[in-house]
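As a plain string of letters, each chain reads:
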Amino acid sequence: MSSYVTKKTPGNTAWFTHDRFGMFIHWGLYAMPARHEWVKTRERTPEEKYDLYFKYFNPDLYDAKEWARQAKAAGMKYAVFTTKHHEGFCMFDSQYTDYKCTNTPAGRDLVREFVDAFRAEGIRIGFYYSLIDWHHPDFTIDVNHPRRDDPDAKQQNEGRDMHRYAEYMRNQVRELLTNYGKIDIMWFDFSYSQRHGEGDKAWLGGKGKNDWESEELIALARSIQPEIIIDNRTEIEQDIWTPEQFQPTDWFRHPKTGELVTWEACQTFSGSWGYYRDEYTWKSPEMLLRMLISTVANGGNLIMNVGPTARGYLDSRAEEALKVYADWMKYNSRSIYGCTKAEPEFKTPTDCRLTQSEDGKRLYIHLFAYPFDNMKVEGLAGKIEYAQFLHDGSEVKFTEGKVELLSDDKQEDDETAAFFYLPHVKPNCLVPVIEVFLK
């Protein structure tokens, strides 16, 4: 069994740390301007202009079953869908607002279709819900609000009531957690209480747990779905820590206690979360795989985001990225599911990453850079029963404690190490994996 012990969580994270890989879906009205999900506040867009997106939102090519098929093929075991992003637009048929997809040309509950399609593929269901809402009349203008630079911003704030807004959020969360069956993840986003305006904008503050009434919000969620997993972005610690757009190089730890925590790297195929037509910093196939492998090698989960188009399909760049995962996971998922960081006794070779099955019986060596002829792994001598390439089950020969080479000019033997002898030509696999069965 794995020797790593993580901080206890209120929700059920056992399945989460087994499945390791999920899909994030950022989709809303911002897919129409197609230049970042924060477009409304970046461009200080007035309501009458943004209302055009609401008027013409018509994802006529939305096929949730096709999304679910591609997610399953990519090896993703759970999916988190944006039910409401910062713009305030609801992708579900909420009775507490008219600002929802059923009042657009879409004319239907888009969350319902997501839930039904992904659940049918055996994929667990998560809901993203923004704590921020730039449309709601009670959401006070702050440092992130689109109206923050208006000359009359202070006057616009008069009469707004965050207590009423917090009640609105609870009502919608109750709908989401009551009307769609078992929900596995509630992903709230996000708190920024430490941010403040400057100069004549000093009155502009951020928002945190007191504004969201986070304790009540979380208590409500857990009363409806007791096993649900909740992230830490309400400014109250819950189940998972969520580093965004960077890759931790070791197991994520609690900043105060130093305990290992349950964590999930949140990443995008490109530089934005929502569909961005003209954004071209898309990650390479090698980078996509290395992010997944490195995350699991450090005891974490990876959730990779897709930003569907305004017409409701995944564009070719997103589909190509998903196919990278599908092609690799088809043969190598055993090194991801049910795996975690390798025990400290095993030393990671240069240009490799190690994962280990939670029962401790199998060690996986991921070859980021293909070595020539042989590879040394310290800490393995006397512990190997058998080794093979994971992608095709072909034997990988090894010796323990002593390297066997044709030349006498060889590296020193190492009684603690195992030496694997590899074919000179790299297998037709972006990241080959050696599966080591331990004694």
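Our structure is the block above this text.
Because the structure is a prediction, the values reported are computed rather than measured.

> Help me understand the overall build of the protein in this model?
Across its full length, the protein holds 11 helices and 15 strands. Relative to its length of 439 residues, the protein is compact, with a C-alpha radius of gyration of 24 Å against a globular reference of 22 Å. Seen through its C-alpha atoms, the protein measures out along the principal axes to roughly 85 × 45 × 45 Å. Residues counted as buried form 59% of the 439 residues belonging to the protein. Of the contacts formed within the protein by residues at least 6 apart in sequence, a portion of 70% connects residues at least 24 apart. For the protein, the computed accessible surface area is about 18,700 Å², with 48% contributed by carbon and sulfur atoms.

> Even after reading the chapter, I still don't get helix H7 (residues 162-178), so can you show me in this structure?
Each α-helix turn comprises 3.6 residues. Residues three or four places apart therefore point the same way. In this model H7 runs 24 Å from its N-terminal to its C-terminal C-alpha over 17 residues, within 8% of the 24 Å that 1.5 Å per residue would give. Across the 17 residues of H7, 12 count as buried, placing the element largely inside the fold. All of the buried residues along H7 are Met 162, Tyr 165, Ala 166, Tyr 168, Met 169, Arg 170, Asn 171, Gln 172, Val 173, Glu 175, Leu 176 and Leu 177. Buried-residue contacts for H7 involve strand S2 (78-84), strand S3 (124-130), strand S4 (185-189), helix H8 (209-212) and helix H9 (214-224). Measuring from the side-chain oxygen of the N-cap residue of H7 to the backbone nitrogen of His 163 gives 2.8 Å; that N-cap residue is Asp 161.

> Looking at this structure, how should I read the packing of aromatic side chains?
The geometry of an aromatic ring pair is captured by the separation of the ring centres together with the interplanar angle, meaning the angle of the planes. According to the stated counting rule, one finds 34 aromatic pairs in the structure shown. Between Phe 139 and Trp 212, the aromatic rings sit 6.4 Å apart at their centres with planes inclined by 15 degrees, giving stacked as the arrangement. With a gap of 73 residues between them, Phe 139 in the loop between S3 and helix H6 (153-157) and Trp 212 in helix H8 connect regions that are remote in the sequence. Residues Phe 139 and Trp 212 agree in their burial class; the two are buried. Aromatic pair Tyr 386 and Phe 437: ring centres 6.3 Å apart, planes at 40 degrees, arrangement tilted.

> Just checking my understanding: could you explain the packing of helix H10 (residues 285-297) against helix H11 (residues 316-332) for this structure?
In helix packing, the relevant descriptors are the interaxial angle and the interaxial distance, both defined with respect to the helix axes. Two elements in contact, H10 and H11, have axes separated by 10 Å at closest approach and are oriented at 60 degrees. One finds that H10 runs oblique with respect to H11. Once H10 is placed against H11, the crossing between them reads as right-handed. Contacts from Pro 285, Leu 288, Leu 289, Leu 292 and Ile 293 in H10 reach Ala 321, Val 324, Tyr 325, Trp 328 and Met 329 in H11. Its residues placed into classes, the contact of H10 with H11 shows 10 nonpolar, no polar and no charged.

> I tried to follow the pattern of salt bridges on my own but got confused; where do I start?
It is possible for side chains of opposite charge to pair when their charged atoms get near one another. On inspection of all chains with the given rule, the structure shows 28 salt bridges. Ionic pairing is found between Arg 147 and Asp 150, a salt bridge with its closest N-O pair at 2.6 Å. For Arg 277, the salt bridge identified is with Asp 278, shortest N-O distance 3.0 Å. Each member of the salt-bridge network shares a partner with another, and the members are Asp 138, Asp 161 and Arg 164.

About the criteria used
- The numbers attached to residues start from 1 for each chain and follow its sequence in the written order.
- At least 70 in pLDDT is required for a residue's local features to be given in this predicted model, at least 80 for side-chain atom pairs to be given and counted, and no such filter applies to totals for whole chains, interfaces and linings, which use all residues.
- Excluded from the side-chain calculations are hydrogens and water; all other atoms, namely the structure's heavy atoms, are used.
- Runs of E in the DSSP output that reach at least two residues are strands. Runs of H or I that reach at least four are helices, and both are numbered from the N terminus.
- As defined in this context, the radius of gyration uses C-alpha atoms, and a globule is described by 2.2 Å times the residue total to the power 0.38.
- Classification of residues uses two cut-offs on accessible area relative to the type maximum, computed with a 1.4 Å probe and protein chains only: under 20% is buried, over 50% is exposed, and between them is partly exposed.
- It only takes one pair of heavy atoms within 4.5 Å for two residues to be counted as in contact.
- Each accessible area is a Shrake-Rupley result for a 1.4 Å probe, and residues are judged covered by the shown protein chains and nothing else.
- By this rule, a helix spans an expected 1.5 Å times one less than how many residues it contains.
- Within 3.5 Å is the distance limit for a polar contact, defined as a pair of N or O atoms, with the added protein rule that one can donate a hydrogen and the other accept it, and that residues adjacent in sequence qualify only through two side-chain atoms.
- In this analysis, rings of Phe, Tyr and Trp, with Trp reduced to its six-membered ring, are considered paired at centre separations within 6.5 Å, and the interplanar angle assigns stacked below 30 degrees, edge-to-face beyond 60, and tilted for intermediate values.
- Here the axes come from fitting lines to C-alpha atoms, over the contacting stretch only for helices, and the angles between their N-to-C directions go from 0 to 180 degrees.
- In what follows, roughly perpendicular refers to angles from 65 to 115 degrees, roughly parallel to angles under 35, roughly antiparallel to angles over 145, and oblique to any angle outside these ranges.
- Two helices crossing with the near one rotated counterclockwise from the far one by less than a right angle form a left-handed crossing, whereas a clockwise rotation gives a right-handed crossing.
- By the convention adopted, Pro, Cys, Tyr, Trp, Phe, Met, Ile, Leu, Val and Ala count as nonpolar, Lys, Arg, Asp and Glu as charged, and the other residues, Gly among them, as polar.
- The working definition used for a salt bridge is a side-chain nitrogen of Lys or Arg within 4 Å of a carboxyl oxygen of Asp or Glu.

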